[in-house]
Amino acid sequence: MNRTNYNASNSRIQKRKQVKSKSKFRTIRRFIKLICIILILNIAGFASAIVAGQLMIDEKEIERLQSPDVTISTQEYVKISDMPDYIWKAFIAIEDHRFMSHPGVDPAGFSRAMWENLKAWDFVEGGSTITMQLSRSLFLTQDKEVGRKLKEMIIAVNLELEYSKEELLEMYVNGIYFGHGEFGIEQAANFYFGKTVRADDPKKDTINLSEAAMLAGLLKAPEYYSPKKYPEKAKQRQEIVLLRMNELGMISEDEMEMAVDL
C-alpha cells in the first residue's frame, strides 16, 4: 500500500472513530436529559401530591382526636409514652411491621396486596400501612375503591412529613375502631377487660401482654374477633399476634408462651 492510499485509509478510520464518539456522546447526553426529565416529573408529582394531601387534611379532626370534648364524648386520648411498650408493639407487629422505616406507604406490602387482589379478582387485601389506616379513619370513607386508596397514600405521605412516628402511632391507637361502638385503645381496654392502657394508673390495672395482643388482633375484623362474641376466634387471632411479635424479636419465646397460657 502506497503512502497516498495509507493516508486515505487512515483518514477514513479516524472519521469513523469520530462519528462513533459523537454518536456515543449524543446517546449519553440523551440519557442524561431523560434522567433529568424523570427527576423533574417526579419532583412535580411529589409537589402535587403534597399540595393535594394538604388540602385533604383537616387539622380540626386531628385536634378533636387529641383533645376530645368530654361533654359529648367518653373517649380518652392516652400518650404512647404512658403505655407499656408491649402495647404499641403488638399493633406494629400485626398491622405494619415496617412502620418505623417506610414513608407512609410500604411499596413491598402494597405490591403483595395488589397481587393477591389480582389473583382473587377482588379487593381481598388493602396493603394499608398504619399511617394509611389513620388517614382513612380521620378523613375518608371505608369504601373499597381505587380512588380512596390513592387518597389514603397521598394523605399518609403528608402526615409522615408533618408528624413523628410516635405521634402517628399515638393517633392511630387512640382513634381506631375496636368493635361494639368503641373507638380508641383506652375505651377498648376498659370495655373488654375493665382495665387501662396506662402504665401507672392508681385506680385500674394495666392490660397485660396477652390482652394487648387480643386488642391488636381485633382490628382486622372487630366484630368477628370480638372476645365477647367469639372468644375462640379472638384467642386464635391473639396467638397469631403473639407469634408475630416473637418472630420480630419484640418478645421472647417464654413471654409468648406465658401470654398464650393466660
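The shown structure was predicted, so the numbers you read here are calculated from the model rather than taken from an experiment.

(A) Focus on the overall build of the chain. If you tally the helices and strands in the chain, you get 11 helices and zero strands. Order of helices (α) and strands (β) in the chain, N terminus to C terminus: α-α-α-α-α-α-α-α-α-α-α. A burial count over the chain gives 38% of its 262 residues as buried. Sequence-distant contacts in the chain: of pairs separated by 6 or more residues, those separated by 24 or more amount to 60%. Taken as a whole, the chain presents about 15,800 Å² of accessible surface, with 57% of it coming from carbon and sulfur.

(B) Summary view of unusual backbone geometry. Backbone geometry places H180, a non-glycine residue, at a positive phi of 55°. Looking at where H180 falls in the secondary structure, it is placed in the loop between α7 (165-175) and α8 (185-193). For H180, a relative accessible area of 27% corresponds to the partly exposed category.

(C) Representation of the nonpolar core in the model. F91, L159, L169, F178, I185 and L215 are the most contacted members of the largest nonpolar core, which has 49 residues in total. It is helix α3 (residues 85-95) that contributes the most residues to this core, seven residues altogether. Aside from chain neighbours lying at most four places away, what touches F178 is F91, V173, G184, I185, A188, Y192, L215, L218, L219 and P222.

(D) Summary view of the pattern of salt bridges. Per the stated rule, a full pass over the model turns up 11 salt bridges. Note that R198 and E76 form a salt bridge whose closest N and O atoms lie 3.2 Å from each other. Placement of the pair is R198 in the loop between α8 and α9 (209-218) and E76 in the loop between α2 (59-66) and α3, with a sequence separation of 122 residues. Looking at E76, the relative accessible area reads 35%, which means it is partly exposed. Between R198 and E186 there is a salt bridge, with its nearest N and O atoms 3.4 Å apart.

(E) Here's a closer look at helix α10 (residues 231-247). Here α10 contains 17 residues, and its C-alpha end-to-end distance of 24 Å stays within 8% of the 24 Å for a straight helix at 1.5 Å per residue. Along α10, the residues classified as buried are A234, R237, Q238, V241, L242, M245 and N246. For α10, the secondary structure elements touched by its buried residues are α3, α9 and α11 (253-261). Among the residues trailing α10, G249 stands out with phi positive, at a value near 80°.

(F) The arrangement of the packing of α8 against α9 in detail. Packing of α8 against α9 leaves a shortest axis separation of 11 Å and a crossing angle of 115°. With respect to α9, the axis of α8 lies roughly perpendicular. For the pair α8 and α9, the sense of crossing is right-handed. Between α8 and α9, the residues in contact are I185, A188, A189, Y192 and F193 and E211, M214, L215 and L218, respectively.

(G) How the structure looks around the side chain of E186. Looking at the secondary structure, you find E186 in helix α8. Note on E186: relative accessible area 3%, which makes it buried. Here T196 takes part through its side chain, which lies 2.8 Å from a polar atom of the side chain of E186.

(H) View of the packing of aromatic side chains. Going through the model one piece at a time under the given rule, you end up with six aromatic pairs. Considering the side-chain rings of F91 and F178, the 6.1 Å spacing of their centres and the 85° angle between planes classify their relative orientation as edge-to-face. Residue F91 is located in helix α3, and its partner F178 is located in the loop between α7 and α8; the two are separated by 87 residues in the primary sequence. Taken as a pair, F91 and F178 share a single burial class, namely buried. Relative to Y230, the ring of Y224 lies with its centre 6.2 Å away and its plane at 40°, an arrangement referred to as tilted.

(I) Spatial organisation of the environment of R148. For R148, the location among the structural elements is in helix α6 (residues 146-162). Among the residues examined, R148 registers a relative accessible area of 9% and is labelled buried. Once the C-alpha coordinates of R148 and R136 are considered, the two residues, 12 residues apart in sequence, prove to be 8.3 Å apart. Other than its neighbours up to four places away in sequence, R148 contacts R136, L140, T141, Q142 and D143.

(J) Broad picture of the confidence of the model for the chain. For the chain, the mean per-residue pLDDT works out to 83, and 72% of the residues sit at or above 70. Here helix α1 (residues 3-56) stands out as the least confident element of the chain, with mean pLDDT 57; α9 is the most confident, with 98.

Rules and cut-offs
- Residues numbered from 1 in each chain as written.
- Predicted model: local features only at pLDDT ≥ 70, side-chain atom pairs only at ≥ 80, totals over all residues.
- Heavy atoms only, no water.
- Helix = DSSP H or I, 4+ residues; strand = E, 2+ residues; numbered from the N terminus.
- Buried < 20%, exposed > 50% of the residue type's maximum accessible area, 1.4 Å probe, protein only.
- Contact = heavy atoms within 4.5 Å.
- Areas by Shrake-Rupley, 256 points an atom, 1.4 Å probe, with all protein chains shown as cover.
- Core = buried A, V, L, I, M, F, W, Y, C linked by side-chain atoms within 4.5 Å.
- Salt bridge = Lys/Arg side-chain N within 4 Å of Asp/Glu carboxyl O.
- Expected span 1.5 Å × (residues − 1).
- Axes fitted to C-alpha atoms, helices over the stretch in contact; angles between N-to-C directions.
- Parallel < 35°, antiparallel > 145°, perpendicular 65-115°, else oblique.
- Left-handed = near helix turned anticlockwise from the far one by under 90°.
- Polar contact = N/O pair within 3.5 Å; in protein donor to acceptor, adjacent residues only side chain to side chain.
- Phe/Tyr/Trp six-rings, centres within 6.5 Å; stacked < 30°, edge-to-face > 60°.
- pLDDT = per-residue confidence, 0-100.

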